[in-house]
Amino acid sequence: GAVVSQHPSWVICKSGTSVKIECRSLDFQATTMFWYRQFPKQSLMLMATSNEGSKATYEQGVEKDKFLINHASLTLSTLTVTSAHPEDSSFYICSALRSGRYTDTQYFGPGTRLTVL
Amino acid sequence: KQEVTQIPAALSVPEGENLVLNCSFTDSAIYNLQWFRQDPGKGLTSLLLIQSSQREQTSGRLNASLDKSSGRSTLYIAASQPGDSATYLCAVRVGQTSGSRLTFGEGTQLTVNP
């Protein structure tokens, strides 16, 4: 089946630094990728939809200048958390949309645990 | 705005028991509904996907039903095993395409005791 990877799987950083998370579709091309965040004991909340070659579409309440998304190729999207603060600590999950003959299927990455000290 | 609710929030059962997880959604105009499994600290594994025109899907010991008009879905797990312990998430896809957004419920945390 289709595989989506994320790197790193976990990261600890100091407050004020920036952190980049990579999302790759390993065996298919993905025009569209999604970024979610998940707080403990809560569900996934969509942050933004990333389209290759164009600007990402952010959900209401998500700061585009704080969460920079770049989808420069059909197999890679990156999320950069700029000037991270402790409240940004969360589990970030990406997802890639694989186009099929009859329907599209969304595959999820394993997630990245961000801890901001 | 689509809202997805899952009941119960947590469930603990002895091994071998059959169980039902419930999911409800407020807007019946969905494209499809999907059930996922999430292990602690991990990503999501898709279990079953039901298109809006379908009533149910089955995979092994899992059976998911969909009643779009009433905004409900159930995930039935037969003969539960300790390895089934995980959080189960229900998600509905709104819009008119298979690439439109997913809205997730908050999940049911299942523990199957040996």
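The structure we're discussing is the one just above.
Asker: Quick rundown of the overall build of chain A? Include the residues and the values.
Answerer: In terms of helices and strands, chain A carries 0 helices and 11 strands. Each helix (α) and strand (β) of chain A, taken in turn from the N terminus, gives the series β-β-β-β-β-β-β-β-β-β-β. Here the C-alpha radius of gyration of chain A, 14 Å, is about what a compact globule of 117 residues would show, namely 13 Å. Excluding contacts between residues fewer than 6 apart, the proportion of contacts in chain A whose partners are at least 24 apart in sequence is 55%. Summed over all atoms, the accessible surface of chain A reaches about 6000 Å², with 52% contributed by carbon and sulfur. Between the centroid of the 11 positive side chains of chain A and the centroid of its 9 negative side chains there is a distance of 4 Å.

Asker: Can you lay out a nonpolar patch on the surface for me, pointing to particular residues and giving the numbers?
Answerer: A cluster of nonpolar side chains, Trp-10, Ile-12 and Leu-117 of chain A, forms an exposed patch at the surface whose accessible area comes to about 380 Å². Within the secondary structure layout, Trp-10 of chain A lies in strand E2 (residues 10-13).

Asker: Give a detailed account of the pattern of salt bridges, specifying residues and quantitative values.
Answerer: Residues and elements named next belong to chain B. This structure, assessed with the given rule, holds 5 salt bridges over all chains. Across the pair Arg-61 and Asp-84 runs a salt bridge whose closest N-O atoms are separated by 2.8 Å. With Arg-61 in the loop between strand E6 (56-59) and strand E7 (62-67) and Asp-84 in the loop between strand E8 (72-77) and strand E9 (86-94), this pair connects stretches of sequence that are 23 residues apart.

Asker: Summarise the interface of chain B and chain A; cite the residues concerned and give the values.
Answerer: Taken together, the contact pairs 18 residues of chain B with 18 residues of chain A. Carbon and sulfur atoms make up 48% of the area that chain B and chain A hide from each other, which totals about 1400 Å². For the pair chain B and chain A, the number of links is 1 salt bridge. For the pair chain B and chain A, the number of links is 6 residue pairs in polar contact (both at pLDDT 80 or more). Elements supplying a minimum of two residues to the side of chain B that touches chain A: strand E4 (30-38), strand E5 (44-51), E9 and strand E10 (102-104) of chain B. For the side of chain B that touches chain A, the class distribution of residues is 6 nonpolar, 8 polar and 4 charged.

About the cut-offs
Residues numbered from 1 in each chain as written. Chains lettered and ligands numbered in written order. Predicted model: local features only at pLDDT ≥ 70, side-chain atom pairs only at ≥ 80, totals over all residues. Heavy atoms only, no water. Helix = DSSP H or I, 4+ residues; strand = E, 2+ residues; numbered from the N terminus. Rg over C-alpha atoms; globule rule 2.2 N^0.38 Å. Contact = heavy atoms within 4.5 Å. Areas by Shrake-Rupley, 256 points an atom, 1.4 Å probe, with all protein chains shown as cover. Lys, Arg positive; Asp, Glu negative; His and termini not counted. Charge placed at Lys NZ, Arg CZ, Asp CG, Glu CD. Patch = residues over 30% accessible without salt bridge, like charges linked within 9 Å, V, L, I, M, F, W, Y side chains within 5 Å. Salt bridge = Lys/Arg side-chain N within 4 Å of Asp/Glu carboxyl O. Buried area = accessible area lost by both parts, 1.4 Å probe. Polar contact = N/O pair within 3.5 Å; in protein donor to acceptor, adjacent residues only side chain to side chain. Nonpolar A, V, L, I, M, F, W, Y, C, P; charged D, E, K, R; others polar.

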